[in-house]
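# What the coordinates show
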Amino acid sequence: ELYYQPKISFDKGKLYGAEALVRWNHPNHGFISPDEFIPMAERTRMYKPLTRWVLKQAFQHCAEWRNAGLDLIVSVNLSAKDLHDPELPDLIAGILGSTEIQPEWVILEITESSIMTDPERVLEIAVRLDKMGFHLAIDDFGTGYSSLSYLKKLPITELKIDRSFVIDLLESENDAVIVNATINLAHNLGMQVTAEGI
């Protein structure tokens, strides 16, 4: 099933988007965490059908929201395996065509750690997706030890600060310094910043 985490703009004070979160409600075991079933899907080659299903559902929901007058942007996470698949842009283009949405209504999220497993391949795919009109975000920023040289090369429009830095922001001076530095870095590179875990 897809659940949606709302994305709120502090400066405008309103909902502007939603992040699609895949959840598995197993008939016998109940809710299974994505931390358990995503790696399993990647090991068993089920990640492609899962990615296709998530993208199709999220794009369809985005189209329904737009048709209902809600100008929301939908964010969708891509796995490390997705980002190493040269067929990914073609898969996304096919789903885009069947759902009649605009690519600028979508933010494709990539984790910082997935970039570092094969930076050149991720860069190649990210550039292709950017040229198609999609926005790209780095998810869980601050946890993946990424090189700043790739941060400046990737066509990123959004940096999402990992919740581990945000959750103790008021109690931890170190977290406050890291968050502030990350915000300044992102803004100076022309990126939007999202705080996770609020």
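Residue numbering note: each chain is counted from 1, following its sequence as written. The predicted nature of this model means local features are confined to residues of pLDDT at least 70 and side-chain atom pairs, given and counted, to a pLDDT of 80 or more, with totals for whole chains, interfaces and linings taken over all residues. Side-chain numbers here rest on the full set of heavy atoms in the structure, without hydrogens or water.

What follows is about unusual backbone geometry. One non-glycine residue with positive phi stands out, namely E100, at about 60°. Numbering of helices and strands starts at the N terminus; helices are DSSP runs of H or I of at least 4 residues and strands are runs of E of at least 2. Along the chain, E100 turns up in the loop between α4 (88-99) and β6 (106-111). A simple rule labels every residue: compare its accessible area, found with a 1.4 Å probe on the protein chains alone, to the largest value its type can have, and call it buried under 20%, exposed over 50%, or partly exposed in between. Take E100: its relative accessible area is 69%, and that puts it in the exposed class.

Okay, the environment of L2 next. Among the structural elements, L2 can be located in strand β1 (residues 2-9). The sequence separation of L2 and E124 amounts to 122 residues, and the corresponding C-alpha distance is 28 Å. In this analysis, two residues are considered to be in contact whenever any of their non-hydrogen atoms come within 4.5 Å of each other. The contacts of L2, once residues within four sequence positions are left out, are A20, L21, V22, W53, V54, Q57, A58 and H61.

As a further point, take the sheet that holds strand β9 (residues 192-195). In this analysis, strands are considered paired if DSSP registers two or more bridges between them. Sheet architecture is open: seven strands sit in the order β1-β2-β5-β6-β7-β8-β9, paired in mixed fashion. The open sheet is flanked by β1 and β9, the only strands paired with a single partner. Direction aside, the axes of adjacent strands within the sheet are offset by 25° on average. As paired strands, β1 and strand β2 (residues 14-22) are joined by eight bridges and run antiparallel to one another. Within β2, the residue paired with Q5 across the bridge is E19. Contacts between helix α9 (residues 173-188) and the sheet are confined to β7 (135-141), β8 (158-161) and β9, with β8 contributing the most and set at about 175° to the helix. Note on geometry: axes are lines fitted to C-alpha atoms, helical ones only across the stretch in contact, with angles between N-to-C directions running from 0 to 180 degrees.

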